[in-house]
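One letter stands for each residue in the lines below.
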Amino acid sequence: MFKSKQDYLFFITLIIIQLAYFISAIYIHNYNPFIKEHFFATDSGEYITQAKNIIDYQISYSGNLLEPINKHYFTVRPPLYPIFLSGFYLLNASTIFIFFVQNIISFFSIYLLRDTLLKFNYKKKFDILFLLFFLLTPSHFIYANSLMSEVLFQFLLVLLFRFAMLFHLHNKNKFLIAYSIVLVLAVLTKPVMYLFIIPSTIYLIVLSFKLKKWQPFGVSFIPIITILLIFQWNFNRTNHYHYSSISSYNLINFNTHLFLMNTKGLVYADKVVDSINNNANSINNFGKKLEYTDEAAKSILKENFVSYSLFHLKSSFYGLIDPGRYDLTTFFKIKFNSVYNYKEGVLYHLNNGGVGSVFNFLINKYSIGFLLVMILILGSNIFKVLSLLFFLFNFKIDFNLKFISLSIIGYLFILPGPVGASRYIMPIAPLIIGIILIDNYFINFISSKINLWKKE
């Protein structure tokens, strides 16, 4: 597993960092997740409820079954992470054990990623920078110690990248099959991934023609068939063909609301979105309710296509450099008010008052020490973004490595838009950190200057 002293040093250091967060999580958030009723994130409560319903009632439903059925809870959370948690529920496992297993998964994500990149010109001399960037990516460790699907999703994305690269390295069909199966598992973990089958299928078709082999085209049907089966499964339960109701919820309550807030102010945004939601709530048919909110939101965004597109891209960029204030303050309980108020968040201030409003909000609420940590993480994130641009235009790098890594990163960077934040970037953070250390322009430039200085 480890071939050199550098390997041992790298992974022992990684384990020490993970242990620090693991111990912090146990000390701060040690509770029985299957008894606790209130969680700091809505997602956690719904995942736990769904896991319990799978075992107790053999139904994949993330709401309280003692209350009237809300079809939204049939499809809002994909089943894989709740199934993962249901195993711990059967064992009546503590938070300690769940977080321990998730940290093992997190560890292997980094091990497999580094092992893959070593086959494509990653140098072990950059391990210290690899670890430094991870240390400045706290969301990576925070979500390994949270009841959220991010750590499982990250592991699957690393596998997706690894199997795609191994196929190009060895040209063996088993890696293509593994790639398609992992893509299915990723789709079953996060709704955002189901549209990834479109670029994936196109790429596999092109690959078939290029290699003059039918296998890439053949395996592309595995995720397509899975998606169609999920659509049918959801139709059987809700009488509406769709993948997840979370996309409709986000479209109106985040994409549309934040765009209107940014362009026309909070009062106008609240008025329009509340009106749409009130009208939707008067519709008894679940499918027609989703169709109504989707059409209403899309109508607004289509009327403002250019301005919304720019807003979406700008928001995605903000998500990419987000230092993770919410993650840190919630995980370490830095805030005085333990109940999260949407109107206290950076997204609210960013879209209601701009960067200046965010700056004033942070200065008034947090200590200088905490703000310095945020600035350090922000600087690291900006460095990573600039390095990604140079990675893109570095023609010495293997084309397949560049195309596959940037396809995964680009897809998950662009799609979230206004809801983008460090949490959404966390699953692709290891991939970003790993690839920017391959022939990094800035690091090579600095190294050349240092060597020149030494010669003088």
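Worth saying up front: this structure is predicted, and the values here are computed from it rather than measured.

## Some details on the side chain of Thr 226
Right, on to step 1. Inspection of the secondary structure assignment puts Thr 226 in helix H12 (residues 221-238).
Right, on to step 2. Polar contacts involving the side chain of Thr 226 include one to the main-chain carbonyl oxygen of Ile 222, which spans 2.8 Å.

## Some remarks on helix H2 (residues 42-57)
Right, on to step 1. With 16 residues, H2 extends 22 Å from end C-alpha to end C-alpha; this agrees with the ideal 22 Å at 1.5 Å per step.
Right, on to step 2. Residues Asp 43, Ser 44, Gly 45, Glu 46, Tyr 47, Ile 48, Gln 50, Ala 51, Asn 53 and Ile 54 constitute the buried set of H2.
Right, on to step 3. The elements touched by buried residues of H2 are helix H3 (72-75), helix H4 (80-90) and helix H22 (422-425).
Right, on to step 4. Phi turns positive, to about 55 degrees, at Gln 58, one or two residues after H2.

## Some words on the pattern of salt bridges
Right, on to step 1. In total, this model carries 10 salt bridges according to the counting rule given.
Right, on to step 2. Between Asp 43 and Arg 77 there is a salt bridge, with the nearest N and O atoms lying 3.3 Å from each other. Taken as a pair, Asp 43 in helix H2 and Arg 77 in the loop between H3 and H4 lie far apart in primary sequence, 34 residues in all.
Right, on to step 3. Classification of Asp 43 as buried rests on a relative accessible area of 10%.
Right, on to step 4. Owing to a relative accessible area of 10%, Arg 77 belongs among the buried residues under this scheme.
Right, on to step 5. Salt-bridge contacts for Lys 119 lead to Asp 115; the nearest nitrogen and oxygen are separated by 3.9 Å.

## Let's talk about the side chain of Thr 256
Right, on to step 1. Here Thr 256 is to be found in helix H13 (residues 246-264).
Right, on to step 2. Residue Thr 256 is classed as buried on the basis of its relative accessible area of 0%.
Right, on to step 3. Here the side chain of Thr 256 touches Leu 251 through a polar contact of 2.7 Å, landing on its backbone oxygen.
Right, on to step 4. With residues near it in sequence (within four places) discarded, Thr 256 still touches Leu 251, Ala 297, Ile 300 and Leu 301.

## Quick look at unusual backbone geometry
What is expected of a backbone is that most residues other than glycine have negative phi and most peptide bonds are trans.
Right, on to step 1. In this structure, Asn 92 takes a positive phi of about 50 degrees despite not being glycine.
Right, on to step 2. Locating Asn 92 in the fold gives a position in the loop between H4 and helix H5 (95-117).
Right, on to step 3. At Asn 121, a residue that is not glycine, the phi angle is positive and equals roughly 75 degrees.
Right, on to step 4. In this fold, Asn 121 is placed in the loop between H5 and helix H6 (127-135).

## Examining the confidence of the model for the protein
Right, on to step 1. For the protein, per-residue confidence averages 91 on the pLDDT scale, and 93% of positions sit at 70 or higher.
Right, on to step 2. Of the regions scoring below 50 in pLDDT, residues 336-340 engages in five contacts with residues more than four places distant in sequence or in other chains.

## Considering empty space enclosed by the protein
Right, on to step 1. Under the defined criterion, the tally for this structure stands at seven cavities of 30 Å³ or more.
Right, on to step 2. Taken as a whole, the largest cavity encloses approximately 190 Å³ of empty space.
Right, on to step 3. Around the largest cavity, the lining comprises 20 residues; the ones closest to its centre are Thr 137, Leu 320, Asn 381, Lys 384 and Ile 425.
Right, on to step 4. Listing elements by their share of the lining of the largest cavity, those giving two or more residues are helix H7 (138-142), helix H16 (305-321), helix H20 (368-392), H22 and helix H23 (429-436).
Right, on to step 5. Per-element accounting of the lining of the largest cavity gives the leading share, five residues, to H20.
Right, on to step 6. Its residues placed into classes, the lining of the largest cavity shows 11 nonpolar, six polar and three charged.
Right, on to step 7. Empty space within the second largest cavity amounts to approximately 80 Å³.

## Topic: the packing of aromatic side chains
Right, on to step 1. Considering all chains together, one arrives at 36 aromatic pairs under this definition.
Right, on to step 2. Seen in terms of ring centroids, Phe 130 and Phe 134 are 5.2 Å apart; in terms of plane orientation they differ by 20 degrees. Their pairing is stacked. Of this pair, Phe 130 and Phe 134 both sit in helix H6, four residues apart, which is roughly one turn of the helix. For the residue pair Phe 130 and Phe 134, the accessibility class agrees, reading buried in each case.
Right, on to step 3. Through pairs of rings, three or more aromatic residues link up here, namely Phe 10, Phe 11, Tyr 21, Phe 107, Phe 108, Tyr 111, Tyr 122, Phe 130, Phe 134, Phe 141, Phe 331 and Phe 332.
Right, on to step 4. Just above the ring of Trp 233 sits the side chain of Arg 237; from NZ or CZ to the centre is 3.7 Å.

## Digging into a nonpolar patch on the surface
Right, on to step 1. On the surface, a cluster of nonpolar side chains totalling about 600 Å² of accessible area is made up of Leu 90, Leu 91, Phe 97, Phe 100, Ile 104 and Phe 108.
Right, on to step 2. When residues of the nonpolar patch are assigned to their parent elements, the largest contribution, four residues, is made by H5.
Right, on to step 3. On the accessibility criterion, Ile 104 (36% relative accessible area) is partly exposed.

## Thoughts on helix H10 (residues 197-211)
Right, on to step 1. In a regular helix each residue adds 1.5 Å, so 15 residues correspond to 21 Å; H10 covers 20 Å between its end C-alpha atoms and thus fits that length.
Right, on to step 2. Within H10, burial applies to Ile 197, Ser 200, Thr 201, Tyr 203, Leu 204, Leu 207 and Ser 208. In an axial view of H10, the angular spread of the buried residues amounts to 165 degrees, which keeps them on one side of the axis. Exposed residues lying more than 90 degrees from the buried face of H10 are Ile 202, Phe 209 and Lys 210.
Right, on to step 3. Where H10 is buried, its residues touch helix H8 (150-170), helix H9 (173-187), helix H11 (215-219), H12 and helix H21 (399-414).

## Points about the nonpolar core
Right, on to step 1. Counting residues in hydrophobic clusters, the biggest one holds 112 residues, and the most contacted among them are Met 193 and Ile 408.
Right, on to step 2. Counting 17 residues, the second-largest nonpolar core is a separate cluster that includes Val 273, Ala 296, Ile 300 and Tyr 308.

## Looking at the environment of Tyr 366
Right, on to step 1. If you trace the backbone, Tyr 366 turns up in the loop between helix H19 (355-365) and H20.
Right, on to step 2. Classification of Tyr 366 by relative accessible area gives buried; the value is 8%.
Right, on to step 3. Spatially, the C-alpha atom of Tyr 366 lies 29 Å from that of Leu 313, the residues being 53 residues apart in sequence.
Right, on to step 4. In this structure the side chain of Tyr 366 is engaged in a polar contact, spanning 2.8 Å, whose partner is the side chain of Arg 325.

Criteria and thresholds
- Residues numbered from 1 in each chain as written.
- Predicted model: local features only at pLDDT ≥ 70, side-chain atom pairs only at ≥ 80, totals over all residues.
- Heavy atoms only, no water.
- Helix = DSSP H or I, 4+ residues; strand = E, 2+ residues; numbered from the N terminus.
- Polar contact = N/O pair within 3.5 Å; in protein donor to acceptor, adjacent residues only side chain to side chain.
- Expected span 1.5 Å × (residues − 1).
- Buried < 20%, exposed > 50% of the residue type's maximum accessible area, 1.4 Å probe, protein only.
- Contact = heavy atoms within 4.5 Å.
- Salt bridge = Lys/Arg side-chain N within 4 Å of Asp/Glu carboxyl O.
- pLDDT = per-residue confidence, 0-100.
- 1 Å grid on protein atoms, 1.4 Å probe; cavity = no way out; pocket = protein on both sides within 12 Å on 5 of 7 lines; lining within 4 Å.
- Points joined across faces, edges and corners; volume = space filled by probe spheres on them.
- Nonpolar A, V, L, I, M, F, W, Y, C, P; charged D, E, K, R; others polar.
- Phe/Tyr/Trp six-rings, centres within 6.5 Å; stacked < 30°, edge-to-face > 60°.
- Lys NZ or Arg CZ within 6 Å of the ring centre and 35° of its normal.
- Patch = residues over 30% accessible without salt bridge, like charges linked within 9 Å, V, L, I, M, F, W, Y side chains within 5 Å.
- Areas by Shrake-Rupley, 256 points an atom, 1.4 Å probe, with all protein chains shown as cover.
- Arc of directions from axis to C-beta.
- Core = buried A, V, L, I, M, F, W, Y, C linked by side-chain atoms within 4.5 Å.

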